[in-house]
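# Structural features, examined
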Amino acid sequence: MFVIENNVIGDEKMLHGYTGNILHVNLTTRSIEVETPDEAFYRDYIGGSLMGLYYLWKFAPQGIDALSPENVLTFALSAPTGLPVSGQSRCTATCKSPSSGGAADSQAGGFWPAELKFAGYDAVVIRGAASEPVYLSIMNGEAKLHDAAHLWGKMTLDVDNILKKEWNDKKIEIAQIGISGEKLANFASVMNMSNRAWGRTGVGAVMGSKKLKAIVVRGSQRVTPADKKAVMALSRRGPKEMEPTGMDSFGKYGTIGIVTSQHGAGGLPTNNFNSGVMASLEDATKIGGERLYDELLRGAAEEKQDRKGRDTCYACIVRCKRVVESEYNGKKLDPDYGGPEYESIATFGSYCGVNDLHAGSYANQLCNAYGVDTISCGATIAWAMECFENGLITLEDTDGIELKFGNAEAMIAMLEKTLNREGFGDILADGSAKAADRLGKGHEYLITIKGQELPAHMPQVKRSLALIYAVNPFGADHQSAEHDPAYTPKSYDNNKARLAPLGLHKPQDARVLNAEKVEFALKTQYAFSAADTLGLCQFVYGPSWQLYGVQEMADLMCAATGWDVTLEAIQDMGKKRLNMMRAYNAREGLQRDDDTLPEKMLEKALVGGRSDGVRIEHEEFESALTMYFEQAGWDVASGIPTRATLASVGLEWVADELSL
Amino acid sequence: MQVNIHLFGSLRDYLPREQRGRTTVEVETASTIHDVLHSLGIEKPVLFAVNEAHDNDSTYQLQAGDTLTVFELTAGG
Ligand code: SF4
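Every chain's residues receive numbers from 1 upward, in the order its sequence appears when written. Naming scheme: in the order in which they are written, chains are lettered from A and ligands are numbered from 1. Where local features are concerned, this predicted model is filtered to residues with pLDDT of at least 70; where side-chain atom pairs are given and counted, the filter is 80 or more; whole-chain, interface and lining totals use all residues. Calculated side-chain values reflect all of the structure's heavy atoms, with hydrogen atoms and water omitted.

With that settled, the discussion passes to the packing of aromatic side chains. All names here are of chain A. Pairing of aromatic rings covers Phe, Tyr and Trp, the last through its six-membered ring, and needs centres within 6.5 Å; plane angles under 30 degrees mean stacked, over 60 mean edge-to-face, and all others mean tilted. By the definition in use, this model includes 29 aromatic pairs over all chains. The interplanar angle of 40° and the centroid separation of 4.3 Å between the aromatic rings of Tyr18 and Tyr42 together place this pair among those described as tilted. One end of the pair, Tyr18, is in the segment before strand 1 (22-26); the other, Tyr42, is in helix 1 (residues 39-45), with 24 residues separating them in the sequence. To sort residues, take the accessible area from a 1.4 Å probe on protein chains only and compare it with the maximum for the residue type: under 20% means buried, over 50% means exposed, and anything in between is partly exposed. Classification of Tyr18 as buried rests on a relative accessible area of 0%. Judged by relative accessible area, Tyr42 falls into the buried class, the value being 0%. Note on Trp112 and Trp198: the rings are 5.4 Å apart at their centroids and 90° apart in plane angle, and the pair reads as edge-to-face. Of this pair, Trp112 sits in helix 3 (residues 112-118) while Trp198 sits in strand 11 (residues 196-198), and the two are 86 residues apart along the sequence. Only DSSP runs of H or I reaching four residues or more are called helices, and only runs of E reaching two or more are called strands; each is numbered from the N terminus.

Residue and element names in this part refer to chain A. Spatially, the six strands line up as an open sheet ordered 2-1-6-3-4-5, and their pairing is mixed. Because the sheet does not close on itself, it has two edges, and the strands there are strand 2 (31-35) and strand 5 (103-108). Pairs of neighbouring strands in the sheet enclose a mean axial angle of 15°, with direction left out of account. Pairing between two strands requires that DSSP report at least two bridges joining them. Pairing between strand 3 (residues 73-76) and strand 6 (residues 123-127): four bridges, direction antiparallel. Looking at the pairing, Phe75 lines up with Val124 of strand 6. Packed on one face of the sheet, helix 2 (residues 48-59) meets strand 1, strand 2, strand 3, strand 4 (91-96), strand 5 and strand 6 and runs near 25° to strand 4. The convention used is that axes are lines fitted to C-alpha atoms, helices contributing only their stretch in contact, and that angles between N-to-C directions extend from 0 to 180 degrees. In what follows, a contact means two residues having at least one pair of non-hydrogen atoms within 4.5 Å.

All names here are of chain A. Trp383, Met411, Leu415, Leu454, Leu467, Leu597 and Tyr628 are the most contacted members of the largest nonpolar core, which has 97 residues in total. Per-element accounting of this core gives the leading share, nine residues, to helix 15 (residues 374-389). With residues near it in sequence (within four places) discarded, Leu415 still touches Phe348, Ala363, Leu366, Cys367, Cys377 and Ile381. Core analysis: the next-biggest nonpolar cluster, separate from the first, contains 81 residues, Tyr314, Leu502, Trp653 and Ala655 among them. Nine residue types can take part in a nonpolar core, namely buried Ala, Val, Leu, Ile, Met, Phe, Trp, Tyr and Cys, and a core is a set of them joined through side-chain atoms within 4.5 Å.

Given below as structure tokens:
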């Protein structure tokens, strides 16, 4: 147990923005210590993903099993976390990934990130593994481990309610694994509020392997920025930017609002990525954000859904989160489990060929209750459906479930089995890539990169995503660079105006992958990478359509820390994080050969709608890959960052350790 | 002649709320997609389709009974 003596964050004697405290918990020895790094460390490793990678590199030995006690799981914030401005309450979880064997990296919002800062810490670094289930509490600086036997095996919302009662405080914030994390499902998430997920890359399985059920935080300290007036000025600009940026609409319809336009553009992955459109526009409309808004959001019947049916993260004016009141097959949905994001309804909708919004919302609830990534889980079921349709698996394998595209009941039944690791569901619980290996078939239908299922944005119609999905160190990810429609001749003027200061002046067609597009991919990848380092929501801060641009990321860091941070410095922070992650992967044995696209995507053209006949060409992809490595300063043959590139972002020591 | 309009996302706000983005409008014969969008007040770049076919440009002349669907340009999310 450790109590911080100076109970003020960011006062005259300390850093601005940061607390100056990193909590280290060793679950094997049950020791808890506080590190107080100097300012140079914060300037070097900033926060979020970059800080997490630093601890992973330093503390996790090379070549470990991701589910062994030697893995290091870090939850890291950054300087802006907890300030009264939109989009800053975001935390990165970092560890070695059980699905890729490289770095795992996932972000979640909500109130937990800000509350951890208020409780006195910039990061929590977890090592070792407990022999019995435990949970960690961090209350106003005081950290303590508790027995969690009574929480093990319970749904996330039940755990939330039990802990709030035990602490007699409704305002505690809880990050926890669900039953799937306990059962080490490779796509297990860590949840907070029972509806916000550190969803991707298997961080929940790693937390489960440590028998750490939850981290409960509560604090009353506030963050003192270097320039409070500048923070407030940025905050006040937010409401004025909502309409011109289109973020008012984004908040109104949520991420799910893009289902219909994705269908219209031929980019809504359907039937395990065989098509970019559902059978009809009416089908897409049935699972679309407009319908969710009109019919399922809490308060919709009285047209009060904007007030009652939208939720937010700490201090964010966008309020894009859905609160759904609905039922599926006589089962009432609990609004506290939230409502489906675009990714969740696409995977448990079009990806599976299902046009049932109630079933999709129920699937989303189940995933949040058990703690799994909706993307990987839904996509894995879609893969199993394609295997079933093609006779690779039969009713005998599926315990009688007719696992055909479009069968909502079968989708839910197989989801329940997967979450409980029952029967065929046990095979699916580690994701489609491992399931194919275990079955010894179905590889030709996989939609995975580095062992991770693809999100629901299609590289065929947003061509730079083909590159980003392939090269991204933690597998295919749609939040690692800007999407092509922001950079076409037809794009909205405000998108183009934001991209120009990054040196991006030559908009291209969404379906080309030339040198200009590679430059767009890399430069916006740096911007997104910086957001993950600064702990910023990528709907609020980003290089084109978001509420604030990259310049405002710099302004916010200046205001928070008092440092002189330019737009170029922000881009360099993103470059540093990307290079460090790539270098970590190299250390763990991943190289250019792992930067591939699913075979199916290169072999088969899409069928139907605006993307009928569209396919990614091998040569186009390979040539873009080479251009990307050249522009990134990575060795073209191996895909590993060169010494010069690592040195350019202050990572000579990483080059030394890799013997470059 | 009459054409059907189906607007999505924030474009629905170009029609009264209770219409939820759907309406049928009377337009002059030989009206183009551009004309109809203009008459609705939609001046920004959008994605559209006529009767779910996608190979029309904005100079396409609509026929009586056509359904014009209009989407916002969306990048990520
Ligand atoms: S835009 Fe949405 S996800 Fe991002 S901080 Fe705001 S409410 Fe949270």
